[in-house]
Amino acid sequence: MNRHWILNQRCLAFVCLLVAIGCRNSAPEPAKDASPGKSATPASPAVSAGDMEAGAAMLRILNAAHRSGGIMLRGECGLLGVTESYRMKTPVIFEPLDKALHEVSARYQNMYWRESPASGVRVADSDIKARLLRLKLREFRAIENREPDAVMAALWRMPEVTAFLRRNRIHFLHRAVASRKVTSPPMIVEIKNATVADILDRIAAGYRSDPPKVWIYRECDDKKETLVDVQMK
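Draft legend 1. Representation of the overall build of the protein. Looking only at helices and strands, the protein features 7 helices and 12 strands. Pairs at least 24 residues apart make up 69% of the contacts formed inside the protein by residues separated by at least 6 positions. Split by element, the accessible area of the protein, about 13,700 Å² in all, is 54% carbon and sulfur.

Take a look at the structure:
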């Protein structure tokens, strides 16, 4: 009697093991990369010293294709601000544009991209909230001949933006504004009824550089607050 009971228990344990394996295999593998902010499921399981930050890789891809646009990534909050969550294995494919961005999407299936005449190339992390980028302003106007940080600083001082940041507990990583003049005559940015993302596109286009400017938006959640870092390169 005890022998049959032991056999039955072993059979039951084996069935449970099969069910567990089946459940684990049924979950899509890219889910490991879907939540890069969680330390239990890192975006890149095997990181080597030669790997390249995905943000830097995508910037080079857009530069190689002479495209403007924006890159939106979810990062991790660290001592130095928002740190990169995604990395690309080297060697990284930088061109042609379609093939290079498809390589990014193949590695991180929560990454998607599109291109339009108005906004250029947009590469976005589907896990990111990016509520600030969807905020619509009635009007934005700036006259500036300094680096993009100076124009973006004027954008972040807009009453609608400051109220939104305060209401949603969003904080910026503060950067020093360069005083060096880079455009002559000064650039004029004037746009109405546009989102913050659209305004960043207009600022980038106003510099008329080659390769064109690209803005990079990163955010991370730290307890009840969100830390945001926006750069234009």
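After presenting the structure, the write-up continues.
Draft legend 2. Structural view of the pattern of salt bridges. Tallied over the full model, the rule gives 11 salt bridges. Residue R67 pairs with E115 through a salt bridge whose shortest N-O separation is 2.5 Å. Separated by 48 residues along the polypeptide, R67 in the loop between helix 3 (54–64) and strand 2 (69–74) and E115 in strand 6 (residues 111–116) bring together distant segments of the chain. For E115, a relative accessible area of 41% gives the class partly exposed. For R141, the salt bridge is made with E190, and the minimal N-O distance between the two is 3.5 Å.

Draft legend 3. Here's a closer look at the confidence of the model for the protein. In the predicted model, the protein carries a mean pLDDT of 82, and the fraction of residues at 70 or more is 77%. Contacts of residues 1–45 to residues separated by more than four positions or lying in other chains number 30 contacts, the stretch itself having pLDDT below 50.

Draft legend 4. Expanded view of the nonpolar core. Counting residues in hydrophobic clusters, the biggest one holds 36 residues, and the most contacted among them are L132, F140, W156, L200 and Y217. If you tally residues by element for this core, the top one is helix 7 (residues 196–206), at 6 residues. Other than its neighbours up to four places away in sequence, F140 contacts V151, A154, L155, M158, V189, E190, I191, I199 and I203. Counting 24 residues, the second-largest nonpolar core is a separate cluster that includes L62, I71, M88 and L97.

Draft legend 5. Just the state of the cysteines, in detail. Counting across every chain of the model gives 1 disulfide. Disulfide partner of C77: C220, at an S-S distance of 1.9 Å. Given an S-S torsion of about 105°, the disulfide between C77 and C220 has right-handed geometry. Of the two residues, C77 is situated in strand 3 (residues 76–78) and C220 in strand 11 (residues 214–222); the sequence distance between them amounts to 143 residues. On the accessibility criterion, C77 (31% relative accessible area) is partly exposed. On the accessibility criterion, C220 (1% relative accessible area) is buried.

Draft legend 6. The arrangement of helix 5 (residues 148–156) in detail. Counted residue by residue, helix 5 has 7 buried out of 9 residues, so it is predominantly covered. Among all positions in helix 5, only P148, A150, V151, M152, A153, L155 and W156 are buried. Buried residues along helix 5 sit against strand 8 (136–144), helix 6 (159–167), strand 9 (170–172), strand 10 (187–195), helix 7 and strand 12 (225–232).

Draft legend 7. Inspection of helix 6 at higher detail. V161, F164 and L165 are the residues of helix 6 that are buried. Seen end-on, helix 6 carries its buried residues on one side only, within an arc spanning 100°. Facing away from the buried side of helix 6 by more than 90 degrees, the exposed set consists of P159, R166 and R167. Where helix 6 is buried, its residues contact strand 8, helix 5 and strand 9. Once helix 6 finishes, R169 follows within two positions and takes phi at roughly 55°, a positive value.

Thresholds, definitions, all that
- Residues numbered from 1 in each chain as written.
- Predicted model: local features only at pLDDT ≥ 70, side-chain atom pairs only at ≥ 80, totals over all residues.
- Heavy atoms only, no water.
- Helix = DSSP H or I, 4+ residues; strand = E, 2+ residues; numbered from the N terminus.
- Contact = heavy atoms within 4.5 Å.
- Areas by Shrake-Rupley, 256 points an atom, 1.4 Å probe, with all protein chains shown as cover.
- Salt bridge = Lys/Arg side-chain N within 4 Å of Asp/Glu carboxyl O.
- Buried < 20%, exposed > 50% of the residue type's maximum accessible area, 1.4 Å probe, protein only.
- pLDDT = per-residue confidence, 0-100.
- Core = buried A, V, L, I, M, F, W, Y, C linked by side-chain atoms within 4.5 Å.
- Disulfide = S-S within 2.5 Å.
- Arc of directions from axis to C-beta.

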